[in-house]
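Structure at a glance
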Amino acid sequence: MAEMGLCYGSEYQLLRFLGHHREELEALIQNSTGVFEPIQWLDYPYDNDRKSGDGELTGIECFKNLKQYNEIQKKWKEFWPQGGSSMNWDGIFILNGVWCFVEAKANEKEAFQRCKAKSIESRRQIDRAMDFTKQWLGVDNKINWRRTNCYQLANRLAFAAFCNKICHIPVKLLYVGFVNGYGIHSVKSVEDWESIWRTEFETLGLPESVLRGILYHIYPNCVR
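Residues numbered from 1 in each chain as written. Predicted model: local features only at pLDDT ≥ 70, side-chain atom pairs only at ≥ 80, totals over all residues. Heavy atoms only, no water.

Focus on the overall build of the chain
To be explicit about the condition: Numbering goes from the N terminus for both helices and strands, where a helix is a DSSP run of H or I of at least four residues and a strand is a run of E of at least two. As defined in this context, the radius of gyration uses C-alpha atoms, and a globule is described by 2.2 Å times the residue total to the power 0.38. Burial status follows relative accessibility: with a 1.4 Å probe on protein chains alone, a residue under 20% of its type maximum counts as buried, one over 50% as exposed, and anything between as partly exposed. The contact definition used throughout considers only heavy atoms, calling two residues in contact when any of these lie within 4.5 Å. Residue-level accessible areas treat just the shown protein chains as cover; the underlying method is Shrake-Rupley with a 1.4 Å probe. Under the counting rule used here, the positive set is Lys and Arg, the negative set is Asp and Glu, and His together with the chain ends is not counted. Charge placement uses NZ in Lys and CZ in Arg. For Asp and Glu, CG and CD serve respectively.
A count of helices and strands for the chain gives 7 helices and 7 strands. Here the C-alpha atoms of the chain give a radius of gyration of 17 Å, agreeing with the 17 Å that 2.2 N^0.38 yields for 224 residues. Taken along the three principal axes of its C-alpha coordinates, the chain extends 50 × 40 × 35 Å. Buried residues in the chain amount to 47% of all 224 residues. Long-range pairs, those at least 24 residues apart, make up 69% of the contacts in the chain between residues at least 6 apart in sequence. Put simply, the chain shows about 12600 Å² of open surface, and 47% of that area lies on carbon and sulfur atoms. Computed over 28 positive and 28 negative side-chain charges, the separation of the two mean positions in the chain equals 8 Å.

This is the structure:
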């Protein structure tokens with residue numbers, strides 16, 4: 001196989017591990033979740049308008065084949081703004097009947113993102129969703145998650161709250177932090193990634209204990 005040149009980044013590394021090191025990736029997932037059952041990965045759609053030829057699964061699209069999808073869609077419109085871009089999932093799999101949504105990161109900058117919603121109504125709807133999420137997690141703080149630089153983690157947690165609490169669909173989040181996966185801008189160790197996530201949790205006022213059983217982390221090393 002021809003060399004692909006200098007290919008770095010979370011998307012490349014996730015596809016690399018799915019294609020060439022899947023047993024290692026799945027063992028990490030199973031060890032993190034404590035569930036040692038077969039992992040069923042969802043295929044993504046084709047998209048001829050993209051250079052890769054592949055599309056994305058965003059928001060609740062992965063639930064389209066569920067018989068209750070129309071009801072899910074109605075509730076989603078009430079819960080989350082429909083304008084702008086929705087959550088883009090790096091990967092989705094089902095493990096022992098639980099839907100698991102993957103966020104892959106290869107450098108620190110990817111972990112810290114801000115809300116780009118422009119309209120007042122969208123911001124208000126996001127704030128309501130974030131408040132609902134805090135209640136679901138049992139967290140009582142006055143931090144406006146939308147205004148922090150940890151907005152992506154906050155909206156992923158909101159998605160989990162929506163699925164679990166409102167739609168009664170069992171959903172977990174899996175964050176994949178690639179070590180040595182972005183050239184000179186790489187995160188160099190598991191300890192460095194753990195420090196980054198502690199900073200995010202502190203920014204959102206989240207004790208790590210409330211995320212157990214909801215949010216999982218694995219740290220594949222891209223260089224051997």
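Structure shown, so let's carry the discussion forward.
Considerations on the packing of aromatic side chains
How we decide: Think of it this way: a Phe, Tyr or Trp ring, Trp meaning its six-membered ring, pairs with another when their centres are within 6.5 Å, and the plane angle makes it stacked under 30 degrees, edge-to-face over 60, tilted otherwise. Here, over-ring charges are defined by two tests on the NZ atom of lysine or the CZ atom of arginine: distance to the ring centre within 6 Å, and angle to the ring normal within 35 degrees.
If you walk through the whole model with that rule in mind, you get 16 aromatic pairs. Taking the centre distance of 4.9 Å and the plane angle of 70° together, the rings of phenylalanine 101 and phenylalanine 159 count as edge-to-face. With a gap of 58 residues between them, phenylalanine 101 in strand S5 (residues 98-105) and phenylalanine 159 in helix H6 (residues 151-166) connect regions that are remote in the sequence. According to the relative accessible area criterion, phenylalanine 101 is buried, its value standing at 1%. On the basis of relative accessible area, phenylalanine 159 is assigned to the buried category, the value being 0%. Aromatic ring contacts, followed pair by pair, group Phe63, Trp76, Phe79, Trp80, Trp89, Trp99, Phe101, Phe132, Phe159 and Phe162 into a single cluster. The ring of tryptophan 89 carries the charged tip of arginine 156 above its face, separated from the ring centre by 5.2 Å.

Points about the sheet that holds strand S6 (residues 171-177)
Put simply, the rule reads: Strand pairing is defined by DSSP finding a minimum of two bridges between the two strands. Only the stretch in contact is used when fitting a helix axis, every axis being a line fitted to C-alpha atoms; angles between N-to-C directions are given from 0 to 180 degrees.
With mixed pairing, 5 strands are arranged side by side in an open sheet as S1-S4-S5-S6-S7. Only two strands of the sheet have a single neighbouring strand rather than two, namely strand S1 (39-41) and strand S7 (215-218). Taking the axes of each pair of neighbouring strands and ignoring which way they run, one obtains an average angle of 30° across the sheet. Note that S6 and S7 share 4 bridges and pair parallel. Paired with valine 176 across the bridge in S7 is isoleucine 218. Running at roughly 155° to S7, helix H7 (residues 190-204) makes contact with S5, S6 and S7 of the sheet.

Notes on the packing of helix H3 (residues 69-79) against helix H5 (residues 120-137)
In plain terms, the rule: Here the angle decides the label: under 35 degrees means roughly parallel, over 145 means roughly antiparallel, 65 to 115 means roughly perpendicular, and every other value means oblique.
The interhelical angle for the contact between H3 and H5, taken along N-to-C directions, is 105°, at an axis separation of 9 Å. One finds that H3 runs roughly perpendicular with respect to H5. Residue-level inspection shows Lys77, Glu78 and Phe79 of H3 in contact with H5, the latter providing Gln125, Ala129 and Phe132.

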